[in-house]
Amino acid sequence: MSDTKYQFGMVGLGTMGCNLVMNMADHGFSVAGYDRDPIMVDSVQHTAGDRPVKTAGTLEEFIGLLKTPRAIMMLVPAGAAVDAVIRDFTPHLQPGDLLIDAGNSHFVDTSRRTKELAEKGFHFMGMGISGGEEGARFGPSMMPGGPPDAYALVQPIFEAVAAKVNDEPCVAYMGPGAAGHYVKMVHNGIEYGLMQLISETYDLLKRGADLSDDELHHVYAEWNGSELQSFLVEITAEIFLFVDPKTGDRLVNKILDRARSKGTGKWTSQDAMDLQVPLPTIDLAVNMRDLSALKDQRVAAAKVLTGPAPRLEGDKAVLIGRVKNALYFATVTTYAQGMAMLQQASKTYEYNLRLEDVARIWRGGCIIRAALLEPIRAAYANNPDLPNLLVDPALGQELLQRQADLREVVKLAVEGGIPVPALMGSLAYFDAYRSERLPSNLVQAQRDKFGAHTYERVDEEGVFHTEWNKG
Ligand code: 6PG
């Protein structure tokens, strides 16, 4: 293809970039790749074999390989590296060219970059990609946002490479500005919540009910064949079987209980606070990663702070069934919190999100893909303005059938001293959301008594203040 121009450009030829290039080329698109590391440039060219791929080690050569208007995707670490690539590339671009940031960038950075580049006549698209290395190679879920006419430029290629569910591609235009990165951020917030919930069920079954790793494998594998079917439950079942080559024990037992994070879950909680959208399950998942990091303090505290023995009483099979229902219930509430956040963000930031599309493109390719996304999609298809998934008639019914089991599981966990904050938070969210009357009248009274912050009344319109100390 020496004189031919390439349809798409990829900057950053690490594992994700390389896999996406191969995925595009396998779907018949010609791709030019660029990396500052000459080893990457050679290795990707080698991996490409006779696919329509050409890699370049200089920016000038790379730019010269591309068809105009150019569509260039960056797969570089979020943060300063994205600004550096933009700074290096813009002098070489022409008006109408499109730069796509496909990393996990913070949506505020994406908004800023979109405006800065638009002022120079360039299009900028922030796009979330989920699915890890495997997804990039064989079909990720893609969440593009930005200028709609720029999306038209890349729509055929994205639809070709994205994961497919019932022949529908797991990609859709999300909305203007930073909509794509925002949706990806909330995806990751939900991911944090679901991972925490699964880990709590693991703790209940392992420490509380003494299940062996083989038994745990069977339980999660069976759940994965049920309404709990999901990528995260599936990989959890697989994890229990994996043998540590160093010791011969199961690897999961050799892994230090200190969970790391790169920030996307925290960003979800932070922005939810700004939007005043309650996300207790996701907040608690972020909290638990932080608490897990206090390993030394926990080891010291374990010696002095005693509690009940972590033993869950009762029949094992019954308990497993209850824990399953508890997990399903809490999983629904976690998606409900994330979707409610998107509903509010769409209004505040004018993203014009279609939540049906969001649920549709999350059904395949991404980390939070799950059978549950089908009824979630149906809920928003029936009512795009649904304020919360909990009040969707079909999903609400599923919750009502399982709430007794979640209550029982939480009770047993409390009695056994096993921390299940995300399960508890999910239940409290449900109970608070369904409460016609909350004790917040007392909070208002306190605020008005100590600080004259005023209150509203149940029997009269208006804003009131009382001289409490004179009463
Ligand atoms: C995905 C993942 C991906 C990333 C996680 C890890 O959708 O493919 O979400 O983006 O691997 O966000 O995040 P933490 O390191 O914060 O757990």
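Residues numbered from 1 in each chain as written. Predicted model: local features only at pLDDT ≥ 70, side-chain atom pairs only at ≥ 80, totals over all residues. Heavy atoms only, no water.

K.L.:
Describe the overall build of the protein, and please don't skip the residues or the numbers.
P.N.:
Looking only at helices and strands, the protein features 19 helices and 9 strands. In terms of its C-alpha atoms, the protein occupies a principal-axis envelope of roughly 80 × 65 × 45 Å. The contacts of the protein with a sequence gap of at least 6 include a subset with a gap of at least 24, amounting to 68%. Carbon and sulfur atoms form 54% of the exposed surface of the protein, whose accessible area is close to 22100 Å². One finds the centroid of the 46 positive side-chain charges in the protein at a distance of 3 Å from the centroid of its 60 negative side-chain charges. (Helix = DSSP H or I, 4+ residues; strand = E, 2+ residues; numbered from the N terminus. Contact = heavy atoms within 4.5 Å. Areas by Shrake-Rupley, 256 points an atom, 1.4 Å probe, with all protein chains shown as cover. Lys, Arg positive; Asp, Glu negative; His and termini not counted. Charge placed at Lys NZ, Arg CZ, Asp CG, Glu CD.)

K.L.:
Got a sec to walk through the packing of helix α8 (residues 179-208) against helix α12 (residues 280-292)? Specific residues and values, please.
P.N.:
Taken N-terminus to C-terminus, the directions of α8 and α12 make an angle of 70°; their axes are 8 Å apart at the nearest point. Put simply, α8 runs roughly perpendicular to α12. With respect to the hand of their crossing, α8 and α12 are arranged in left-handed fashion. Residues Gly189, Ile190, Tyr192, Gly193, Met195, Gln196 and Leu197 of α8 form the contact with α12, whose participating residues are Thr281, Ile282, Ala285, Val286, Met288 and Arg289. For the contact of α8 with α12, a count of residues per class yields 8 nonpolar, 4 polar and 1 charged. (Axes fitted to C-alpha atoms, helices over the stretch in contact; angles between N-to-C directions. Parallel < 35°, antiparallel > 145°, perpendicular 65-115°, else oblique. Left-handed = near helix turned anticlockwise from the far one by under 90°. Nonpolar A, V, L, I, M, F, W, Y, C, P; charged D, E, K, R; others polar.)

K.L.:
I'd love a proper account of the packing of aromatic side chains, names of residues and values included.
P.N.:
Applying the stated rule across the entire model yields 18 aromatic pairs. Here Tyr34 and Phe89 contribute two aromatic rings whose centre-to-centre distance is 6.0 Å and whose plane-to-plane angle is 70°, an arrangement assigned as edge-to-face. Within this pair, whereas Tyr34 is found in strand β2 (residues 31-34), its partner Phe89 is found in helix α4 (residues 80-89), the two being separated by 55 residues in sequence. Given a relative accessible area of 10%, Tyr34 falls into the buried group. (Phe/Tyr/Trp six-rings, centres within 6.5 Å; stacked < 30°, edge-to-face > 60°. Buried < 20%, exposed > 50% of the residue type's maximum accessible area, 1.4 Å probe, protein only.)

K.L.:
Can you break down the site of the ligand residue by residue, with the values?
P.N.:
Around the ligand, a shell composed of 15 residues is seen, among which Ser130, Asn188, Glu191, Tyr192 and Lys262 lie nearest. A distance of 2.7 Å is found between an oxygen atom of the ligand and a side-chain nitrogen or oxygen belonging to Glu191. Protein chains shield 79% of the accessible area of the ligand, which is 420 Å² for the free molecule. Split by residue class, the shell around the ligand holds 2 nonpolar, 9 polar and 4 charged. When residues are assigned to domains, the shell around the ligand turns out to be shared by domain 1 (8-177) and domain 2 (184-433), each giving three or more. (Near = heavy atom within 4 Å. Polar contact = N/O pair within 3.5 Å; in protein donor to acceptor, adjacent residues only side chain to side chain. Domains from an automatic or database assignment.)

K.L.:
Hey, could you go over the domain arrangement of the protein for me, with residue numbers and the actual values?
P.N.:
In terms of domains, the protein is made up of domain 1 (8-177), domain 2 (184-433) and domain 3 (440-470). The centre of domain 2, based on its C-alpha atoms, is set 38 Å off from the matching centre of domain 3.

K.L.:
Can you lay out the pairing of strand β6 (residues 123-130) for me, pointing to particular residues and giving the numbers?
P.N.:
For β6, the tally of buried residues reaches 7 of 8 residues, placing the bulk of the element in the interior. Where strand β5 (residues 98-101) and β6 come together, 4 bridges link them in parallel fashion. Note that in β6 the partner of Asp101 across the bridge is Gly126. Between β5 and its parallel partner β6, the chain crosses via helix α5 (residues 107-119), and the hand of that crossover is right-handed. Note: β6 against strand β7 (residues 141-144), 4 bridges, orientation antiparallel. Its bridge partner being in β7, Ile129 is matched across the sheet by Met142. (Pairing = 2+ DSSP bridges. Right-handed = clockwise from strand over helix to strand, strands pointing away.)

K.L.:
Just give me the short version of empty space enclosed by the protein, but keep the residues and values in it.
P.N.:
Evaluation of the coordinates by the stated rule reveals 1 cavity of 30 Å³ or more. In this structure, the largest cavity spans a volume of roughly 120 Å³. Around the largest cavity sit 14 residues that line it, and Leu194, Leu228, Ser230, Val233 and Thr331 are the ones nearest its centre. Where the lining of the largest cavity is concerned, the elements lending two or more residues are α8, α10 (231-239) and α14 (316-348). (1 Å grid on protein atoms, 1.4 Å probe; cavity = no way out; pocket = protein on both sides within 12 Å on 5 of 7 lines; lining within 4 Å. Points joined across faces, edges and corners; volume = space filled by probe spheres on them.)

K.L.:
Kindly report on the packing of α14 against helix α18 (residues 421-433), identifying the contributing residues and their values.
P.N.:
Here α14 crosses α18 at 65°, and the two axes come no closer than 9 Å. Taken together, the axis directions place α14 and α18 in an arrangement best described as roughly perpendicular. When you trace α14 past α18, the crossing you get is left-handed. Taking contact as the criterion, the partners of Ala326, Phe329, Ala330, Thr333, Thr334, Ala336 and Gln337 in α14 are, on α18, Leu423, Ser426, Tyr429 and Phe430. Considering only residue class, the contact of α14 with α18 consists of 7 nonpolar, 4 polar and no charged.

K.L.:
Could you give an account of the layout of surface pockets, naming the residues involved and the relevant values?
P.N.:
Taken as a whole, the second largest pocket spans an internal volume of roughly 270 Å³. For the second largest pocket, the full set of lining residues is Arg437, Ser440, Asn441, Gln444, Ala445, Tyr455, Glu456, Arg457, Val458 and Trp468. Residue classes in the lining of the second largest pocket are distributed as 4 nonpolar, 3 polar and 3 charged.

K.L.:
Describe the environment of Glu168, naming the residues involved and giving the relevant values.
P.N.:
Position of Glu168 relative to the elements: it lies in strand β9 (residues 168-169). Put simply, Glu168 and Val458 are 290 residues apart on the chain and 49 Å apart in space, counted from C-alpha to C-alpha. With sequence-adjacent residues up to four places away left out, Glu168 is seen in contact with Ala163, Arg360, Arg363 and Arg377. A polar atom in the side chain of Glu168 sits 3.0 Å from the side chain of Arg363.

K.L.:
Can you break down α12 residue by residue, with the values?
P.N.:
End to end, α12 covers 18 Å across 13 residues, agreeing with the expected 18 Å (1.5 Å per residue, within 8%). Buried within α12 we find Thr281, Ile282, Asp283, Ala285, Val286, Arg289 and Ser292. Each element contacted by the buried residues of α12 is listed here: α8, α11 (264-275), α13 (295-304), α14 and α18. (Expected span 1.5 Å × (residues − 1).)

K.L.:
Let's hear about unusual backbone geometry: which residues, and what values?
P.N.:
Note that the residue after Thr68, namely Pro69, is joined by a cis bond; omega there is -10°. In this structure, Pro69 sits in the loop between α3 (59-65) and β4 (71-74). The backbone of Asn166 sits at a positive phi, close to 50°, despite the residue not being glycine. Inspection of the secondary structure puts Asn166 in the loop between β8 (164-165) and β9. Non-glycine residue Asp210 carries a positive phi angle of around 65°.

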